[in-house]
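Observations on the three-dimensional arrangement
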Amino acid sequence: MKNRHLEEIIYDYITGRMNEKDRLSAEEHLKACEECQKEVNELMKTMKVLDQFQSPPLPMEFREKAIQRIRELTLPPKPLFQRIKEWMQIPYVKWPLEGLAVTAIILLALTIYKDFTPQKLQEMEKAPKEFTICLPEVKNPIVIETGNIDKTFTQLEKLIQIHKGSLIKSKRMEKEIEVSLKVEKSEEVKLLQELIQLGKVRMEKEGYKNKEGNIVVCIKEK
Amino acid sequence: MITLFDKNGETIFILLCLLIGTVKFTKENWDEDAELVRQVKQGNRNAYCDLFNKYHDAIYRYCYMILSRRNDPSEDAKDATQEVFVKCLANIYDLKKDSAYFSWLRKTAFNTCMNMVKQASPDPIPDGFPAPEAGPDSKVSGAEIQMIVQKALNNLDEKYRLAVIHVHLMGHSYIEASETMKCKEDDIRRWVHRGLIKLRDELKEYRGLID
């Protein structure tokens, strides 16, 4: 710009409609260019004269007449959208629909986040799986609910011995012990009846045996 | 979902979201024009009178400048101003952004004036005022300057005249002027410059004004 005349950007320079870099560059050119200096001066004077051009003042009657005309005008019919908007209008609330949508999304996101926080996922992994022995195989394992699972387990072992049965497998978990046992068919009914002595028993008529024909019992803490 | 509301912190957070999403208590959001337009849309005629009182002077001045080539620009500008406000009221529901009322009004004013210019048989450029014989020592009065400037403006090409009116006399930005006149920003910049140069040359005829 240093060697180029300002030309079309003269007006921007005079009225300050340019950025700092362009202004400095224009000033640098102006220092060395008499032609542009002359043009800036003349245009500033022209603008000063132009600024004196005014419209004649409006008479007061004009304002009164115009206001009168506006008051006599019939207002255009309200479109449907406007009526819906007014119906939904709540004082001081700018975007009721948008606000509700945003809130719904935030609530949804929070709900999902709460169910799948890393802590929760860890807890789910750590938590003992119920019926690890029998669940895939047994439809209705016998459940004994008791205050002390270890004591009940010992009592169950004695019962099995009394009825000449055998303990096939047992698994101790935090709050339950799963047991599979085998007993003679003749002793089975008696054993099942005596289970009542061990605690609160939940038992179905069938479905408490696994594939091998062993009875599956879950001793659970109350 | 119910468990969400068990903890106070979460409830407060949700209420805050509701507030941020929906409420406009701040002043900058509560634009005066937008509020008046909203009331007009609800059928409040007095709100429209307030808008008229606020802007009729500016619109009249704008119309006067654009119609300055006509025989009686003052009367034509009054008619145009009334028509602009009547038109804008009739089409108030077309205005989507309530806060942009004034720029909408200005555009309507420009179109109304241009239609008036086009529809009517072209007026001869008013040159009823004699060019003052300004000698080297004579001073030019304010009324004479007014006439001289009006004549000089009217002698410009239409695009130069409109560009000078919008950008210099009305103080619009290049973008606003280009939107109103439906042309490029660079064209406006060029037309303003050329218009001013021509005005300078014309005004130079009257000694003491530019020298």
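Residues numbered from 1 in each chain as written. Chains lettered and ligands numbered in written order. Predicted model: local features only at pLDDT ≥ 70, side-chain atom pairs only at ≥ 80, totals over all residues. Heavy atoms only, no water.

Let's shift gears to the pairing of strand 3 (residues 176-182) of chain A. Residues and elements named next belong to chain A. Burial analysis of strand 3 places six of its seven residues in the buried class, which makes it a mostly covered element. Sheet topology note: the strand 2 (residues 166-172)/strand 3 ladder contains six bridges and is antiparallel. From the neighbouring strand, S170 faces strand 3, where its bridge partner is V179. As consecutive antiparallel partners, strand 2 and strand 3 are separated by three residues. The pairing of strand 3 with strand 5 (residues 215-221) spans six bridges and is antiparallel. (Buried < 20%, exposed > 50% of the residue type's maximum accessible area, 1.4 Å probe, protein only. Helix = DSSP H or I, 4+ residues; strand = E, 2+ residues; numbered from the N terminus. Pairing = 2+ DSSP bridges.)

Okay, a nonpolar patch on the surface next. The grouping of L108, I112, F116 and L121 of chain A at the surface amounts to a nonpolar patch, some 400 Å² of accessible area in total. Relative to the elements of secondary structure, L108 of chain A occurs in helix 6 (residues 96-115). (Patch = residues over 30% accessible without salt bridge, like charges linked within 9 Å, V, L, I, M, F, W, Y side chains within 5 Å. Areas by Shrake-Rupley, 256 points an atom, 1.4 Å probe, with all protein chains shown as cover. Salt bridge = Lys/Arg side-chain N within 4 Å of Asp/Glu carboxyl O.)

With 13 residues, helix 2 (residues 20-32) of chain A ought to run about 18 Å at 1.5 Å a step, and its terminal C-alpha atoms sit 19 Å apart, in line with that. Of the surrounding elements, those touching the buried residues of helix 2 of chain A are helix 1 (10-15) and helix 3 (34-50) of chain A. (Expected span 1.5 Å × (residues − 1). Contact = heavy atoms within 4.5 Å.)

Residue and element names in this part refer to chain A. Spatially, 2-3-5-1-4 is the arrangement adopted by the five strands of the open sheet, whose pairing is mixed. Each edge of the open sheet is held by one strand with a lone partner, namely strand 2 and strand 4 (200-202). Here the strands of the sheet are splayed against their neighbours by 20° on average, with no regard to which way each runs. By the bridge criterion, three bridges tie strand 1 (residues 142-146) to strand 4 in an arrangement that is antiparallel. Of the residues in strand 4, the one forming a bridge with E145 is K200. (Axes fitted to C-alpha atoms, helices over the stretch in contact; angles between N-to-C directions.)

Read these as layout, nothing more, since geometry by itself doesn't imply function.
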